[in-house]
Amino acid sequence: MFVSHVAKDVEGVGVTISSPTDVSVGDTFKLEVTVKNGRRGKVFELSDIDIADEYFNAFTVVSVTPTPKSEMHVPIDNSRSYTFDRKIQPGKTQVFTWELRAEKEGIFRGDVDVCEGMQFVTKMAQTVVKEK
């Protein structure tokens with residue numbers, strides 16, 4: 001029972017990933033994670049946003065807005081976890097923005113997990129990096 005509860009997706013929350021499809025090596029761009037609380041009368045307590053190393057392998061993080069409380073590498077699932085501890089009120093939206101600089105050529109994709117404690121919603125980020 002506990003495992004099925006923990007493994008369950010967060011309900012009533014919409015997540016959208018926005019970034020340019022193509023960038024060139026050396027370009028700086030924004031990866032935006034938009035979180036909308038569609039729950040009726042229930043706050044969404046966003047704890048963390050985790051982004052797969054597979055995606056970040058090509059980029060340097062220039063900045064993150066809003067500023068996370070902490071950031072750490074999670075070796076068990078090969079991701080970087082950004083702790084925000086933000087309460088998103090019912091019907092409200094919050095945007096989390098990573099400013100990234102492209103460092104190497106290729107196609108880079110990975111999971112983006114928006115977490116409420118142990119439960120999460122997963123979306124995919126993908127960016128193609130071309131030579132300058």
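Preceding this section is the structure that the text describes.
Residues numbered from 1 in each chain as written. Predicted model: local features only at pLDDT ≥ 70, side-chain atom pairs only at ≥ 80, totals over all residues. Heavy atoms only, no water.

Quick one: what's the story with the nonpolar core, residue by residue and with numbers?
Counting 30 residues, the largest nonpolar core has Val-33, Val-35, Leu-46, Ile-49, Tyr-55, Phe-59 and Trp-98 as its most contacted members. When neighbours within four sequence positions are excluded, Val-35 is seen to be in contact with Val-13, Gly-14, Phe-44, Leu-46, Ile-88, Lys-92, Thr-93, Gln-94, Phe-96 and Val-114. (Core = buried A, V, L, I, M, F, W, Y, C linked by side-chain atoms within 4.5 Å. Buried < 20%, exposed > 50% of the residue type's maximum accessible area, 1.4 Å probe, protein only. Contact = heavy atoms within 4.5 Å.)

Residue-level account of the packing of aromatic side chains, with values.
Applying the stated criterion to the full structure yields eight aromatic pairs. Here Tyr-55 and Phe-59 contribute two aromatic rings whose centre-to-centre distance is 5.0 Å and whose plane-to-plane angle is 45°, an arrangement assigned as tilted. Comparing Tyr-55 with Phe-59 shows no difference in burial state: the two are buried. Geometrically, the ring pair formed by Phe-59 and Phe-108 is edge-to-face, given 6.1 Å between the ring centres and 70° between the ring planes. (Phe/Tyr/Trp six-rings, centres within 6.5 Å; stacked < 30°, edge-to-face > 60°.)

Hey, could you go over the side chain of Thr-127 for me, with residue numbers and the actual values?
The topology assignment puts Thr-127 in strand β10 (residues 119-130). Only 2.7 Å separates the side chain of Thr-127 from the side chain of Tyr-55, close enough to count as a polar contact. Each residue touching Thr-127, except ones within four places of it in the same chain, is listed here: Ser-19, Pro-20, Thr-21, Val-23, Phe-29, Tyr-55, Phe-59, Gly-106, Ile-107 and Phe-108. (Helix = DSSP H or I, 4+ residues; strand = E, 2+ residues; numbered from the N terminus. Polar contact = N/O pair within 3.5 Å; in protein donor to acceptor, adjacent residues only side chain to side chain.)

So, the sheet that holds strand β6 (residues 70-74): which residues are in play, and what are the values?
Strand order in the open sheet formed by six strands is β2-β10-β9-β4-β7-β6, with mixed pairing between adjacent strands. Pairing within the sheet leaves two strands with one partner each, and these edge strands are β2 (22-24) and β6. Adjacent strand axes in the sheet meet at a mean angle of 30° when their direction is disregarded. Where strand β4 (residues 44-52) lies against strand β9 (residues 106-116), four bridges are found, and the strand directions are antiparallel. (Pairing = 2+ DSSP bridges. Axes fitted to C-alpha atoms, helices over the stretch in contact; angles between N-to-C directions.)

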